[in-house]
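Each chain, letter by letter, is given below.
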Amino acid sequence: MGIKLTRMRVGVLTAAALSLAALTVGMAGSLGSAKAASGRQAIAHTRPAWLNHAETLGKAASGAPVNARVYLTPNGGLSRLQQFAQAVSTPGTGEYRQFLTPSQYFQRFGTTGATVSAVSSWLTNAGLRVTRVEQHNRYVQISGDVGAAEAAFGVSINRYRHNGLTVQAPSG
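Residues numbered from 1 in each chain as written. Predicted model: local features only at pLDDT ≥ 70, side-chain atom pairs only at ≥ 80, totals over all residues. Heavy atoms only, no water.

Engineer: Hey, could you run me through the overall build of the protein chain in this one?
Structural biologist: For the protein chain, the helix and strand inventory stands at five helices and eight strands. Ordered by position from the N terminus, the helices and strands of the protein chain form the series β-β-α-β-β-α-α-α-β-β-α-β-β. Buried positions account for 40% of the 172 residues belonging to the protein chain. The contacts of the protein chain with a sequence gap of at least 6 include a subset with a gap of at least 24, amounting to 65%. Working note: accessible area of the protein chain is about 9500 Å², and carbon and sulfur atoms make up 51% of it. (Helix = DSSP H or I, 4+ residues; strand = E, 2+ residues; numbered from the N terminus. Buried < 20%, exposed > 50% of the residue type's maximum accessible area, 1.4 Å probe, protein only. Contact = heavy atoms within 4.5 Å. Areas by Shrake-Rupley, 256 points an atom, 1.4 Å probe, with all protein chains shown as cover.)

Here it is in structure tokens:
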């Protein structure tokens, strides 16, 4: 569940996917589920590794712009995808070497439109704007400000100097 940095406007790299609590929104269903309604759940391994080498410049301004990608879990969950990958890689299993075409993958594991709608609605209600949905529903791109992102994802966002750029990212 790695996070990838998105390209940002001149000079400011809003440490993409803001890592936004990395936001591989761990949902096989919708955000309307009982688990989602009961509270937030931290997503493991979402701290950008480059933070270990960055200089902390302080808290990001609440009104500073944020652009990020919210990655969505494959249909059926990440564990289902991992089980399939293991099966096609293990001699002796019925699925050994029965690889999928991209079309077959998206049909079998692609995030549903209902999930994208639920996630988009939740993000919008949290004060963020959905600016793009990736063509295969793997992620939604959002924009907003630091204050809305911090409130939505339960994180604190700081400014950092990294590789000569001033960037923003969750503090850890």
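Engineer: Which parts of the structure should I look at to understand the side chain of His162?
Structural biologist: In this fold, His162 is placed in strand 7 (residues 157-162). Not counting residues up to four positions away in its chain, the partners in contact with His162 are Trp50, Ala54 and Val167.

Engineer: Got a minute to help me understand the environment of Leu123 in this structure?
Structural biologist: As for its placement among the helices and strands, Leu123 is situated in helix 4 (residues 113-125). By relative accessible area, which is 1% here, Leu123 ends up buried. C-alpha of Leu123 to C-alpha of Val70: the two residues are 53 residues apart in sequence and 9.6 Å apart in space.

Engineer: For this particular structure, what's the right way to read the packing of helix 2 (residues 78-89) against helix 3 (residues 102-109)?
Structural biologist: Helix packing geometry: the angle between the two helix axes and the distance between the axes. Across the interface, helix 2 lies against helix 3 with an axial gap of 11 Å and an inter-helix angle of 140 degrees. In terms of orientation, helix 2 and helix 3 fall into the oblique class. Seen along the crossing, helix 2 lies across helix 3 with a hand that is right-handed. Where helix 2 approaches helix 3, its residues Arg80, Leu81 and Phe84 are matched on the opposing element by Tyr105, Arg108 and Phe109. Across the contact of helix 2 with helix 3, the residue classes break down as four nonpolar, no polar and two charged. (Axes fitted to C-alpha atoms, helices over the stretch in contact; angles between N-to-C directions. Parallel < 35°, antiparallel > 145°, perpendicular 65-115°, else oblique. Left-handed = near helix turned anticlockwise from the far one by under 90°. Nonpolar A, V, L, I, M, F, W, Y, C, P; charged D, E, K, R; others polar.)

Engineer: I keep staring at unusual backbone geometry and nothing clicks. Help me out?
Structural biologist: Negative phi is the rule for most residues except glycine; trans is the rule for most peptide bonds. In this structure, Asn137 is a non-glycine residue whose phi angle is positive, near 60 degrees. Among the structural elements, Asn137 can be located in the loop between strand 5 (129-133) and strand 6 (139-145). We classify Asn137 as buried; its relative accessible area is 19%. Look at Asn163: it is not a glycine, yet its phi comes out positive at around 50 degrees. Here Asn163 lies in the loop between strand 7 and strand 8 (165-170).

Engineer: I'm lost on the pairing of strand 5 in this one. Help?
Structural biologist: Strand residues, when the strand is regular, have side chains that alternate between the two faces of the sheet. Two strands pair when backbone bridges link them, and strand 5 and strand 6 are joined in this way by four bridges, in the antiparallel orientation. From the neighbouring strand, Arg132 faces strand 6, where its bridge partner is Gln141. Between strand 5 and strand 6, which pair antiparallel one after the other, the connecting turn spans five residues, and Asn137 there sits at a positive phi close to 60 degrees. (Pairing = 2+ DSSP bridges.)

Engineer: Would you mind going over the pattern of salt bridges with me for this structure?
Structural biologist: Close approach of charged atoms lets side chains of opposite charge pair. Tallied over the entire structure, the rule returns four salt bridges. For Lys59, the salt bridge identified is with Glu150, shortest N-O distance 2.3 Å. With Lys59 in strand 3 (residues 55-59) and Glu150 in helix 5 (residues 146-153), the pair connects residues that are 91 residues apart, well separated along the chain. Here Lys59 falls in the partly exposed class, since its relative accessible area comes to 48%. (Salt bridge = Lys/Arg side-chain N within 4 Å of Asp/Glu carboxyl O.)

Engineer: Would you mind showing me how to read the side chain of Glu134 here?
Structural biologist: With respect to the helices, strands and loops of the structure, Glu134 is situated in the loop between strand 5 and strand 6. A distance of 2.6 Å separates polar atoms of two side chains, one belonging to Glu134 and the other to Arg138. (Polar contact = N/O pair within 3.5 Å; in protein donor to acceptor, adjacent residues only side chain to side chain.)

Engineer: Sorry, what's going on with the nonpolar core here?
Structural biologist: In summary, soluble globular proteins display a tendency toward joint burial of nonpolar side chains. Core analysis: the biggest nonpolar cluster contains 19 residues, and Leu123, Leu128, Val140, Ile142 and Phe153 have the highest contact counts within it. Counting only elements with at least two residues in this core, the list comes to strand 4 (65-72), helix 4, strand 6 and helix 5. Listed in part, the six residues of the second largest apolar core include Trp50, Tyr160, Val167 and Ala169. (Core = buried A, V, L, I, M, F, W, Y, C linked by side-chain atoms within 4.5 Å.)

By themselves these figures say nothing about function.
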